[in-house]
Each structure stands twice: as C-alpha cells, then as structure tokens.
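# Examination of the molecular architecture
Listed here are the chains, written in short residue letters.
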Amino acid sequence: MSKKLIVGNWKMNPASLDEAKRLSRRIKSVASKLQRTETVVCPPFPFIGQTKPKIPVKNFDIGAQSASIFADTGAHTGEVSANMLRDIGVKYVIVGHSEQRQNGDTDEIVSKRLSNVLTQGLIAILCVGEKARDEAGEYMNELKRQIEQSLNNIPAKMAGNIIIAYEPVWAIGAKEAMLPEQIYETSLFVKKIFADVFGPEYGHRVRVLYGGSVNFRNAFEIMTVGKVDGLLVGRESVNSPGFVELLKAVDKIS
Ligand code: PEP
C-alpha cells in the first residue's frame, strides 16, 4: 500500500526566515518518525535553501509553490525556472493553484508551467477545482475542461509524475471543508478524466489529493471517507502544533 502524501503550501508565510527554520525543523522531526505518511512542505522561494534538509530526512521533501512558464535561462525578471528548482534539490512543484489562476494564470499558462516542471523530472502537483457548485452540475464541465486543458500537450510518458490536487475554490480559506462523501465522488470523477486523457492504466495510478480548509480535526475523516491519496494543506500547514497533529492523525490510517 502506498504512503499517504501530505503537502503543506505555506503560501507567503511565515514572515521571517527564523520562523520558517523553526517550523520546518519541527515538521521534519515529526515527519521522519511517521510510518505511513510522506510529508512535503512548499515554502516561499527565499526560504527553500534554509528549510531543505542538509542530509535527507526520511519521508520528508521540499516542494516549490510554482515554476516559470519559461524553460530556459534569460531575460525573465522575477522568474524562477523548474531547472533551478531541480538544481537546488526541490522534488515537487505546485502548479495551477487557484490563487495563481485568480491572478491571471489561464489553463494554457498552467500547461506551460506543468510541461517545464515535468521536463525537469520533477513531480507536479496540479491544482484543479471548480469556483462554485450548482444544482445542474455545470461545475463538472468546468472541472473537466480545466483538467483536459491543463494537461494539453503533456505526453502520456510524463503522466506518472503528475499528482492532482482537487481543491474546490469555494472550500479554500473557508470555515468548513467539503463533505468527505462529495470529496470521494469528485476524486473518482477526476481520475476518470485523467484516464480519458492518458489511458486507463494512468487513471488507476494517479494520486489525487484534496485541499480546502483541512485541519487536524477533519483530516482523518477526509482521508478515510473521502478515500483520497493525501491532502494539500494551506493555513494549517503554517500552524506548527496543528500540522503536527494532522500528520499524526493521518499516519494512524492503515
Ligand atoms: C490552499 O490554498 O491550497 C488551501 C488548501 O488553503 P486552506 O487549507 O487554508 O483552505
């Protein structure tokens, strides 16, 4: 049985390098003792170097929150390439987070970032999710379009390095997470679309994470009833005691 994957997206947090080091030290120490859980933390770019372990830590890896649409070095002010991330030891990259989509990332841009990340042999955490739910089920078309277009031009041989993070936008930064039963249903739908794009063997294998208002109290139920392969965690990932409890709760799932 494969390990559960818990990804902490720190976003533009914490405020100082000292806090980032303290937070990552605590997480590494707990993550390394877990049996059935892999932990990835995605700090802001300037903190990656100092939060990355000097020697490998069991069940712990560093991710980045994005990578440039540009593949090659050059005159691209403010950009960070997938190649640079790989070079400093990053393993995972979040692509297409809804906050970046809100800031202008179209599916075409997401697809370019994804392609660059995969070309470097990194694991992409592709975020998808509907803005709202409607009775008629139009949200399913929205989700389908988003997945298909983000995966546009990605060859099937790279599909094994894609993880899908299903994050309904309405549940991000909210009071409550999505109901675990709905998470289960939608994760099956996500796998089906993935299978339609790349073939059934990839649909069976793709890992689907859930993200949106996950905390240490609801993580166990989301994982067990929602039957997802892991979680993408925002706010709770920079709350040291809460994140540690979340990791321990998930590790109890056999
Ligand atoms: C996110 O932004 O990816 C996220 C899941 O945030 P939160 O956990 O705070 O809802």
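Every value quoted in this text rests on a predicted model; they were computed, and no experiment measured them. (Residues numbered from 1 in each chain as written. Predicted model: local features only at pLDDT ≥ 70, side-chain atom pairs only at ≥ 80, totals over all residues. Heavy atoms only, no water.)

The next subject is the pairing of strand 1 (residues 4-9). A regular strand places its side chains so that they alternate between the two faces of the sheet. With respect to burial, strand 1 is a largely interior element, six of its six residues being buried. The alternating pattern of strand 1 places Lys-4, Ile-6 and Gly-8 on one face and Leu-5, Val-7 and Asn-9 on the opposite face, and all of these are buried. Following the chain from strand 1 across helix 1 (residues 17-31) to the adjacent parallel strand 2 (residues 37-42), one finds a crossover that is right-handed. As paired strands, strand 1 and strand 8 (residues 230-233) are joined by four bridges and run parallel to one another. The residue of strand 8 that forms the bridge with Ile-6 is Leu-231. (Buried < 20%, exposed > 50% of the residue type's maximum accessible area, 1.4 Å probe, protein only. Helix = DSSP H or I, 4+ residues; strand = E, 2+ residues; numbered from the N terminus. Right-handed = clockwise from strand over helix to strand, strands pointing away. Pairing = 2+ DSSP bridges.)

A few words on the nonpolar core. Counting residues in each nonpolar core, the largest one holds 63 residues, and the members touching the most others are Val-93, Leu-126, Ile-162, Ile-164, Phe-194, Tyr-210 and Leu-231. With six residues, the single largest contributor to this core is helix 7 (residues 180-198). The contact partners of Val-93, leaving out residues within four places of it in the chain, are Ala-64, Ser-66, Ala-67, Leu-85, Val-117, Leu-122, Ile-123, Ala-124 and Ile-125. Formed by 12 residues, the second largest nonpolar core is a distinct cluster that contains Cys-42, Tyr-92, Ile-94 and Ala-165. (Core = buried A, V, L, I, M, F, W, Y, C linked by side-chain atoms within 4.5 Å. Contact = heavy atoms within 4.5 Å.)

Now for the sheet that holds strand 1. If you trace the eight strands once around the closed barrel, you get 1-2-3-4-5-6-7-8, paired in parallel fashion. Strand-to-strand, the axes of this sheet are offset by a mean angle of 25 degrees, without reference to chain direction. The sheet contact formed by strand 3 (residues 60-64) and strand 4 (residues 92-95) spans two bridges and is parallel. Bridge assignment links Gly-63 to a residue of strand 4, and that residue is Tyr-92. (Axes fitted to C-alpha atoms, helices over the stretch in contact; angles between N-to-C directions.)

Attention shifts here to helix 1. Each α-helix winds once per 3.6 residues, and so residues spaced three or four apart point in a common direction. Spanning 15 residues, helix 1 covers 21 Å between terminal C-alpha atoms, matching the ideal 21 Å at 1.5 Å per step. Looking at the buried positions of helix 1, the neighbouring elements they touch are strand 2, helix 2 (45-51), strand 3 and helix 10 (240-251). (Expected span 1.5 Å × (residues − 1).)

Turning to the packing of aromatic side chains, a few remarks are in order. Taken as a whole, this structure holds three aromatic pairs when the rule is applied. Between Tyr-166 and Tyr-210 the ring centres are 6.5 Å apart and the planes differ by 55 degrees, which places this aromatic pair in the tilted class. Of the two residues, Tyr-166 sits in strand 6 (residues 162-166) while Tyr-210 sits in strand 7 (residues 207-211), which places them 44 residues apart along the sequence. Considered together, Tyr-166 and Tyr-210 belong to a single accessibility category, that of buried residues. Members of the aromatic cluster, connected to one another through ring pairs, are Phe-194, Phe-198 and Tyr-202. Here the guanidinium or amino end of Lys-227 rests over the ring plane of Tyr-184, the centre of that ring lying 4.5 Å away. (Phe/Tyr/Trp six-rings, centres within 6.5 Å; stacked < 30°, edge-to-face > 60°. Lys NZ or Arg CZ within 6 Å of the ring centre and 35° of its normal.)

Where charged atoms of side chains with opposite charge meet at close range, the side chains can pair. One pass over the structure, following the stated rule, counts 10 salt bridges. As a salt-bridge pair, Glu-138 and Arg-145 come within 3.9 Å of each other at their nearest N and O atoms. When its relative accessible area of 40% is taken as the criterion, Glu-138 is described as partly exposed. Among the residues examined, Arg-145 registers a relative accessible area of 42% and is labelled partly exposed. (Salt bridge = Lys/Arg side-chain N within 4 Å of Asp/Glu carboxyl O.)

Attention now moves to unusual backbone geometry. Glycine aside, residues mostly have negative phi, and peptide bonds are mostly found in the trans state. Backbone torsion omega between Asn-13 and Pro-14 reads -10 degrees, so that peptide bond is classified as cis. Take Pro-14: it is sitting in the loop between strand 1 and helix 1. For Asn-59, which is not glycine, the phi dihedral falls at a positive 60 degrees. Note that Asn-59 resides in the loop between helix 2 and strand 3. Within the chain, Ser-213 stands out as a residue other than glycine whose phi angle is a positive 60 degrees. The topology assignment puts Ser-213 in the loop between strand 7 and helix 9 (219-225).

Bringing the site of the ligand into the picture now. Neighbouring the ligand are Lys-11, His-97, Glu-99, Glu-167, Ile-172, Gly-173, Gly-211, Gly-212, Ser-213, Leu-232, Gly-234 and Arg-235. Contacts to the ligand include His-97, whose side-chain N or O atom sits 2.8 Å from an oxygen atom. Separating an oxygen atom of the ligand from a backbone N or O atom of Gly-234 is a distance of 2.9 Å. When the ligand is considered free in solution it has 290 Å² of accessible area, and contact with the protein chains removes 99% of it. Of the residues assigned to the shell around the ligand, the class counts are two nonpolar, six polar and four charged. (Near = heavy atom within 4 Å. Polar contact = N/O pair within 3.5 Å; in protein donor to acceptor, adjacent residues only side chain to side chain. Areas by Shrake-Rupley, 256 points an atom, 1.4 Å probe, with all protein chains shown as cover. Nonpolar A, V, L, I, M, F, W, Y, C, P; charged D, E, K, R; others polar.)

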